[in-house]
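For reference, the chains in residue letters:
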Amino acid sequence: MRALQERGADKAALWLSGSSSEEFNVVYQELNLLRSVESQSLNLGVIKDQRQANTSLNQFDEQSVQAAIDELMTAVESSNADPAFDISPKQAPQVFSDGPRQMDADKIVQRLDEFTTAMKQDFPDVFFDAFLSFNLNTSYYLNSNEVDFEQRTAYYAFSTKFTAKKDGKMSSFNYISFTLADLDKPLLEVNFLRELMRQISEQTTTSPIPKNFCGDIILAPYVGASLLYTLISQHFGSSGLLTDSSRFPEHIGKKVLDEKLSLYATPTDERLADKSFITDDGYLSKAAAIIEKGVLRHYPINLYTANKVGKPRTIGQLNQMVVEAGSTTLSDMIASVKEGVLCMRASFGSPNPNGDMSGVLKNSYYIKDGKLVYPISETMMSVNLVDVFNRIKNISSETMNLGSCIFPYIQIGDADISRK
Amino acid sequence: MSLSSLLPAGAEYVELKQQENRSQGLNYLNGTLVQNSNSFSGGIMSRTFTNGVWGLASSADMSTASMQKVIKKAVSNAKLLSRSVNKGKLILPSTAAQGEYLFYSKKTPVSTAEKIEFLGALDKYIADKYPDLSTRRVFVQQQETEKYILTNDGGAMHTMTPKSVIGIVLMLNHQGESLIHYDIIGGFGQFEDNFSDPALCFPVIDKLYSELMDKKDAVFARAGTFDCVLDAKLAGILSHEAIGHTTEADFVLGGSIAGEYLDQPVASEILTLIDLAHSWDGKTCPVPVFIDDEGTEAKDCVIIQDGILKSYMHNKESAMLLGHELTGNARAYSYSDEPLIRMRNTMIVPGKDKLQDMIASIEDGYYLISSSNGQADATSEFMFGVGLGYEVKNGKIGKAIKETTISGVAFDLLKTVSMISDDMQWTGSGMCGKKQLISVGMGGPAIKCKVNMGGK
């Protein structure tokens, strides 16, 4: 920090981090690889005459760091000035620590052995790969306004991809990834994984929907979270505001989405395994409602965007989120659908700036008169992303905790659903 | 660096790697340089295969002492796993090769200041000529990957593979709607090799703007199945996503539908699809691989020949398990990553038809030009976003369509291919995200086929 200022930086900030990971991989349905990774990085950012540049490196010998500083100070001279560039203001030093103190390697092997054994026994038609890792990270953020933060985080991460094959027919693949603070429960009993395996086993035989229709879609948590995150990024986050493509550029305090929806930024929520105590732009993280009963409370934007578009920076960018659960069970939701689809996975393209998008409904079920009828094939939805979250009929009481996000099932109406 | 002295004696199979990834990003948004960044990430890795399982260890510390520590850790990782899964001694196949392939530019280096000036010229051209745009963005991304790899079966390589691209994004507010269009140019090579004069990029900008204007009158595509011409970029992504992934041997072993189709017809007999190692028609491909990350000689893999599925792409383990020949498709992104089976340069071989004739042959369908993203399934069911496309009626190009999605089962779609254009085009900016992000080349001609359109 001192070197950067001596070289002429008006303002400077740095992130220093070190991490280690032990990753146990199941490949072709058996333990196959143990991967140990030790990594480190140093990211340096400077502002000089309101011009900015940054560099990152992972070699910390004096020569490498000096060369990086030389390159950085040359690069910043070539930038152009923008009064919006800034660093976070002085804040009291803080140290945070979260997660398991150390890896329980025996438990990892036990849980993976148990998972592979149960999969082969209970779901013999399912092909799967998986990994379970322990990840430890220590980061420091410092800047020339005397900000000095440290955070140590640790968690387990699990991911599996699976498909079923029976009598020469096969299902689409499905997958799930989540982080955990401990390994107290068998993996198959976390986040409806056993139910997903049961579903994939019966998805080797699928049928098209009888005809195109306009109806309900029940979005599984994984799908709904992905769609809502895309919507927030495009219309309430930096990309939408900086490119003047947000449909809601001046909407604090206004109703923007369905009143059943409440979305919270929850960077340090005790229920989450993967927390953030420090924001990317050098502030202490804080919890807040972004959307409260459909009303916009905060734009989740960083300091640069806030300065650039003339808004206050309040909570920074969205990393962890929780959508408030509803009171309807999934089975009651299904029972309420006259004609629709239970969408367990969707493969979709980026919505255009207006939110129009279409996608393929994968691992999904046709619903008729309140009952799941059969798994479907080659079915597409055409929706507008803003409309999706303005046409919420029900939000489930069941939720999925992915470690950085907690999300329920969401039932929407008036979606165009078409067959091949 | 001399790695050979560090190879442990008596091991079944061992890799040692030292790798550096260097990148630069410059990004103008509406005239402000919002990104001016450099990145360096280097380190060492050792991977060993013992009793049918792998141990891997890596570190950012590239000293000899660290390498010895990493080798020891990799061996102990394999031993730890083999206590749970011991398959006995298995012999991995080998077609080890040695070589040095360094693609440093021979031209005068361009400084960061000069690159910024280059981008500034593009930004100014757009701002001056097209003041009606609501947003303009131009950016440079350059990546260089340098690797030394040594294997105890005789593989040895030193490579430096560069890639540099310029992206141009134009946005327009029109009657309350935001319209967007973009393109990425460049690919294999350092900045000096790909970009010499900003003026050479002006026609790309003019074309982009013209196509963006077409979107002002865009209509929704109709949902259903139509005769379509997929232009080269879309045909390339189809080859990669929908066919390529299903024929990666790790996917085959994981249950991919292509496992059922070897030596069977899977496409129209006019179609041949290849994953090229490094060259085509005497020219270097966007992602040249001469030796893969397991020290294996990289060979072209003819996946589909005249409509018949002929082979899968392999690393050492999958070739051993299926008893097939090695193809040299094992690649890793960063120093700490394990090599996975990855495509290199996937292309449909050009045919004999003219693009104009292909469009003229469509009575009621679409001409689909650019893709926004793509995903595919082990069943070969795919979904691609279409960023730019046009209606075709009675053989004539009509109105632009709004962004949409196309989908289908690739092995079914390929059976409907009735025409293939005689030209070809590479997309060298592609990144594939199978566990690790990695550069891939996608190319080919335009194809005419039946496509399931998402729409109203």
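Since we're looking at a predicted model, the values are computed, not measured.

Caption draft 1: Summary view of the overall build of chain B. When helices and strands are tallied, chain B shows nine helices and 26 strands. The C-alpha radius of gyration computed for chain B amounts to 24 Å, which stays within 12% of the reference 23 Å derived for 456 residues, consistent with globular compactness. Considered along the principal axes of its C-alpha atoms, chain B spans approximately 70 × 55 × 40 Å.

Caption draft 2: Broad picture of the overall build of chain A. In terms of helices and strands, chain A carries nine helices and 21 strands. Compactness check: chain A gives a C-alpha radius of gyration of 24 Å against a globular reference of 22 Å for 420 residues, within 12% of the reference. Projected onto its principal axes, the C-alpha positions of chain A cover 70 × 50 × 35 Å. Sequence separation of at least 24 residues holds for 72% of the intrachain contacts in chain A that already meet a minimum separation of 6. Carbon and sulfur atoms make up 48% of the accessible area of chain A, which amounts to about 16100 Å² in all. When the 41 basic and 52 acidic side-chain charges of chain A are each reduced to a single mean position, those positions are 7 Å apart.

Caption draft 3: Summary view of the packing of aromatic side chains. All names here are of chain A. Inspection of every chain in the model, using the stated rule, returns 26 aromatic pairs over all chains. Here the aromatic cluster, defined as three or more aromatic residues joined through ring pairs, consists of F115, F128, F158 and F178. The side chain of R313 reaches across the aromatic face of Y283, ending 3.6 Å from its centre. Over the ring of F173 we find R345, and its NZ or CZ is 4.4 Å from the ring centre.

Caption draft 4: Seen up close, the pattern of salt bridges. The final tally for this structure, using the stated rule, is 53 salt bridges over all chains. Ionic pairing is found between K275(A) and D98(A), a salt bridge with its closest N-O pair at 3.1 Å. Pair noted here: K275(A) is in the loop between β10 (263-265) and β11 (288-292) and D98(A) is in strand β4 (residues 94-98), with a separation of 177 residues, a long-range link. The pair K275(A) / D98(A) is uniform in exposure class, with both members buried. Two residues, D263(B) and K310(B), come together in a salt bridge whose shortest N-O distance is 3.7 Å. A residue pair is termed long-range when its members are at least 10 positions apart, and D263(B) in the loop between α6 (249-253) and β9 (273-276) and K310(B) in the loop between β13 (308-309) and α7 (316-322) qualify at 47 residues. One network of salt bridges, in which partners are shared, links E23(A), R35(A), D337(B), E338(B) and K435(B).

Caption draft 5: Just the interface of chain A and chain B, in detail. Listed per partner, the contact involves 69 residues of chain A and 82 residues of chain B. Carbon and sulfur atoms make up 48% of the surface buried where chain A meets chain B, a total of about 5900 Å² over both sides. Taken as a group, Y28(A), N32(A) and L34(A) account for 10% of the area that chain A buries against chain B, more than any other trio of residues on that side. The interface formed by chain A and chain B includes eight salt bridges. The salt bridge involving K362(A) is made with E381(B); its shortest N-O contact spans 3.2 Å. For the pair chain A and chain B, the interface holds 46 residue pairs in polar contact (both at pLDDT 80 or more). Partitioning the side of chain A that touches chain B into residue classes produces 21 nonpolar, 29 polar and 19 charged. Examined bridge by bridge, strand β2 (residues 30-48) of chain A and strand β3 (residues 53-59) of chain B share five bridges and lie parallel to one another. Bridging from a neighbouring strand, V37(A) pairs with S58(B) of β3(B).

Caption draft 6: Structural view of a nonpolar patch on the surface. On the surface, Y333(B), M431(B) and L437(B) cluster together to form a nonpolar patch covering roughly 250 Å² of accessible area. When you line up the elements, L437(B) lands in the loop between β23 (431-432) and β24 (438-439).

Caption draft 7: Quick look at the environment of R271(A). Residue and element names in this part refer to chain A. Following the sequence through the fold, R271 ends up in the loop between β10 and β11. For the pair R271 and S88, spaced 183 residues apart in sequence, the C-alpha separation works out to 28 Å. Residues contacting R271, with those up to four places away along its chain left out, are V322, N401 and I406.

Caption draft 8: Focus on the sheet that holds strand β12 (residues 301-305) of chain B. Residues and elements named next belong to chain B. With mixed pairing, the six strands of this open sheet are ordered in space as β13-β12-β9-β16-β25-β22. Each edge of the open sheet is held by one strand with a lone partner, namely β13 and β22 (425-427). Direction of pairing for strand β16 (residues 345-348) relative to strand β25 (residues 441-444): parallel, over a ladder of three bridges. Across the sheet, residue T346 finds its bridge partner in β25, namely M442. Contacts from helix α5 (residues 232-244) reach β9, β12, β16, β22 and β25 within the one sheet, and its direction differs from that of β25 by about 125°.

Caption draft 9: Structural context of helix α1 (residues 64-84) of chain B. With 21 residues, α1(B) should cover 30 Å at 1.5 Å per step; its first-to-last C-alpha distance of 31 Å lies within 8% of that length. Residues S66(B), M67(B), V70(B), I71(B), A74(B), N77(B), A78(B), L81(B) and S82(B) constitute the buried set of α1(B). Angular distribution of buried residues about the axis of α1(B) spans 150°; they occupy a single face of the element. Facing away from the buried side of α1(B) by over 90 degrees, the exposed positions are A65(B), K69(B), K72(B), K79(B) and R83(B). In this structure, the buried side of α1(B) is in contact with β1 (11-27) and β2 of chain A together with β1 (13-29), β2 (32-50) and β3 of chain B.

Caption draft 10: Looking closely at the domain arrangement of chain B. Residue and element names in this part refer to chain B. For chain B, the domain assignment lists domain 1 (3-217) and domain 2 (224-453). Measuring from the centre of the C-alpha atoms in domain 1 to the corresponding centre in domain 2 gives 21 Å. Between domain 1 and domain 2, the residue contacts involve 54 residues of the former and 41 residues of the latter. Of the roughly 3500 Å² buried between domain 1 and domain 2, counting both surfaces, carbon and sulfur atoms make up 55%. At the junction of domain 1 with domain 2, the criterion picks out six salt bridges. Broken down by secondary-structure element, the contributors of at least two residues to the side of domain 1 that touches domain 2 are β1, β2, β3, β4 (98-102), β5 (135-151), β6 (156-174), β7 (177-188) and α4 (202-214). Here the side of domain 1 that touches domain 2 gets nine residues from one element, more than from any other, and that element is β7. Of the residues belonging to the side of domain 1 that touches domain 2, the class tally is 23 nonpolar, 19 polar and 12 charged.

Caption draft 11: Region of interest: the domain arrangement of chain A. Residues and elements named next belong to chain A. The domain architecture assigned to chain A consists of domain 1 (2-201) and domain 2 (206-420). With centres defined by C-alpha atoms, the gap from domain 1 to domain 2 works out at 24 Å. Carbon and sulfur atoms make up 58% of the area that domain 1 and domain 2 hide from each other, which totals about 2800 Å². Taken together, domain 1 and domain 2 are joined by two salt bridges. Of the charged contacts in the structure, one is a salt bridge between K308 and D82, with a shortest N-O distance of 2.9 Å. Summed over the shared surface of domain 1 and domain 2, the result is 12 residue pairs in polar contact (both at pLDDT 80 or more). Where the side of domain 1 that touches domain 2 is concerned, the elements lending two or more residues are β4, β6 (147-166), β8 (174-180) and α4 (193-202).

Caption draft 12: Unusual backbone geometry, seen in detail. A positive phi angle, close to 60°, is found at D414(A), a residue other than glycine. With respect to the helices and strands, the residue D414(A) is situated in strand β21 (residues 405-419). One non-glycine residue, S380(B), lies in positive phi territory at about 80°. As for its position among the elements, S380(B) is in the loop between β17 (364-376) and β18 (381-393). S380(B) sits in the buried class, given a relative accessible area of 0%.

Caption draft 13: Geometry of helix α5 (residues 221-235) of chain A. Residue and element names in this part refer to chain A. Helix length check: α5, at 15 residues, gives a terminal C-alpha distance of 21 Å against a target of 21 Å (1.5 Å per residue), a fit within 8%. Within α5, 11 of the 15 residues are buried, leaving the element largely enclosed by the surrounding structure. Of all the positions in α5, only P221, V223, G224, A225, L227, L228, T230, L231, I232, Q234 and H235 are classed as buried.

About the cut-offs
Residues numbered from 1 in each chain as written. Chains lettered and ligands numbered in written order. Predicted model: local features only at pLDDT ≥ 70, side-chain atom pairs only at ≥ 80, totals over all residues. Heavy atoms only, no water. Helix = DSSP H or I, 4+ residues; strand = E, 2+ residues; numbered from the N terminus. Rg over C-alpha atoms; globule rule 2.2 N^0.38 Å. Contact = heavy atoms within 4.5 Å. Areas by Shrake-Rupley, 256 points an atom, 1.4 Å probe, with all protein chains shown as cover. Lys, Arg positive; Asp, Glu negative; His and termini not counted. Charge placed at Lys NZ, Arg CZ, Asp CG, Glu CD. Phe/Tyr/Trp six-rings, centres within 6.5 Å; stacked < 30°, edge-to-face > 60°. Lys NZ or Arg CZ within 6 Å of the ring centre and 35° of its normal. Salt bridge = Lys/Arg side-chain N within 4 Å of Asp/Glu carboxyl O. Buried < 20%, exposed > 50% of the residue type's maximum accessible area, 1.4 Å probe, protein only. Buried area = accessible area lost by both parts, 1.4 Å probe. Polar contact = N/O pair within 3.5 Å; in protein donor to acceptor, adjacent residues only side chain to side chain. Nonpolar A, V, L, I, M, F, W, Y, C, P; charged D, E, K, R; others polar. Pairing = 2+ DSSP bridges. Patch = residues over 30% accessible without salt bridge, like charges linked within 9 Å, V, L, I, M, F, W, Y side chains within 5 Å. Axes fitted to C-alpha atoms, helices over the stretch in contact; angles between N-to-C directions. Expected span 1.5 Å × (residues − 1). Arc of directions from axis to C-beta. Domains from an automatic or database assignment.

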